[in-house]
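# Observations on chain architecture
Okay, here's what each chain looks like letter by letter:
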Amino acid sequence: MTAMPELPPPSDRFGDLAESERLVVQSIRRWLAGGAQHEMLWRQLARELPAADARAALGGLEAMIRVLGAHAHRNIAYHHPCCPCIGPDETGLLSLVTAAQRAQPALAHHIAAQFVRPAGLKMLLAAADLFAGALKRGARELPLRFAYGAAEAEAAPLPAPTLH
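Only a predicted model underlies this, so the values are computations on that prediction, with no experimental measurement involved.

Definitions and limits used
- Residues numbered from 1 in each chain as written.
- Predicted model: local features only at pLDDT ≥ 70, side-chain atom pairs only at ≥ 80, totals over all residues.
- Heavy atoms only, no water.
- Helix = DSSP H or I, 4+ residues; strand = E, 2+ residues; numbered from the N terminus.
- Buried < 20%, exposed > 50% of the residue type's maximum accessible area, 1.4 Å probe, protein only.
- Contact = heavy atoms within 4.5 Å.
- Areas by Shrake-Rupley, 256 points an atom, 1.4 Å probe, with all protein chains shown as cover.
- Salt bridge = Lys/Arg side-chain N within 4 Å of Asp/Glu carboxyl O.
- Axes fitted to C-alpha atoms, helices over the stretch in contact; angles between N-to-C directions.
- Parallel < 35°, antiparallel > 145°, perpendicular 65-115°, else oblique.
- Left-handed = near helix turned anticlockwise from the far one by under 90°.

### Things to note about the overall build of the chain
Of regular secondary structure, the chain possesses six helices and zero strands. The secondary structure elements of the chain, listed N-terminal to C-terminal, are α-α-α-α-α-α. Across the 164 residues in the chain, those meeting the buried criterion constitute 49%. Across the chain, every contact between residues at least 6 apart in sequence was considered, and the portion connecting residues at least 24 apart equals 77%. Split by element, the accessible area of the chain, about 8,100 Å² in all, is 61% carbon and sulfur.

### Comments concerning the pattern of salt bridges
Working definition: two side chains of opposite charge can pair if their charged atoms are close together. The tally for this structure, following the rule as stated, stands at eight salt bridges. A salt bridge links Glu-39 to Arg-43, with the shortest nitrogen-to-oxygen separation between them at 3.7 Å. Of this pair, Glu-39 and Arg-43 both sit in helix 2 (residues 36–48), separated by four residues, roughly a single helical turn. Judged by relative accessible area, which is 41%, Glu-39 ranks as partly exposed. Overall, the relative accessible area of 46% leaves Arg-43 in the partly exposed class.

### Here's the deal with the packing of helix 1 (residues 19–33) against helix 2
Relative placement of two packed helices is described by the angle separating their axes and the distance separating the axes. At a minimum axis separation of 7 Å, helix 1 and helix 2 run at an interaxial angle of 150°. In terms of orientation, helix 1 lies roughly antiparallel with respect to helix 2. Taken as a pair, helix 1 and helix 2 cross one another with a handedness that is left-handed. Contact residues: helix 1 offers Leu-23, Gln-26, Ser-27, Arg-30, Trp-31 and Ala-33, while helix 2 offers Gln-37, His-38, Met-40, Leu-41, Gln-44, Leu-45 and Glu-48.

In short, geometric facts, not functional conclusions.
This is the structure in structure tokens:
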């Protein structure tokens, strides 16, 4: 049986996301932006999570990005850290982390397959699980916006990316 979503799908506005979702998207953006944004990300995670969970979250996020970089089967678009928009790829990665955290393995697998070749699938799922688990232990539970069951196995891929 498929769980019912708690919230409708997010809009394309960053401000419409729940606080825990903004943390995930902001973490991805800051890590990808590099440089001083890495330090800002670490300070944010250390402020919002217990120390061990902050380290685990950062490790899981870094692993996700490395797997995406090594195994992506297409370009992945993201926005700058201060952009008020959220793109389809960012929504997809947020949904991947949410599915991992909310024990929705079919959904997590489906989303991960939209980003990486089969060789990277298991690694991306493990990294997302590490990131999601650290957030959950730190009381940053993500709302379930999508439910996924066997009937949706042939769902359409994510829409084309946008860049701001």
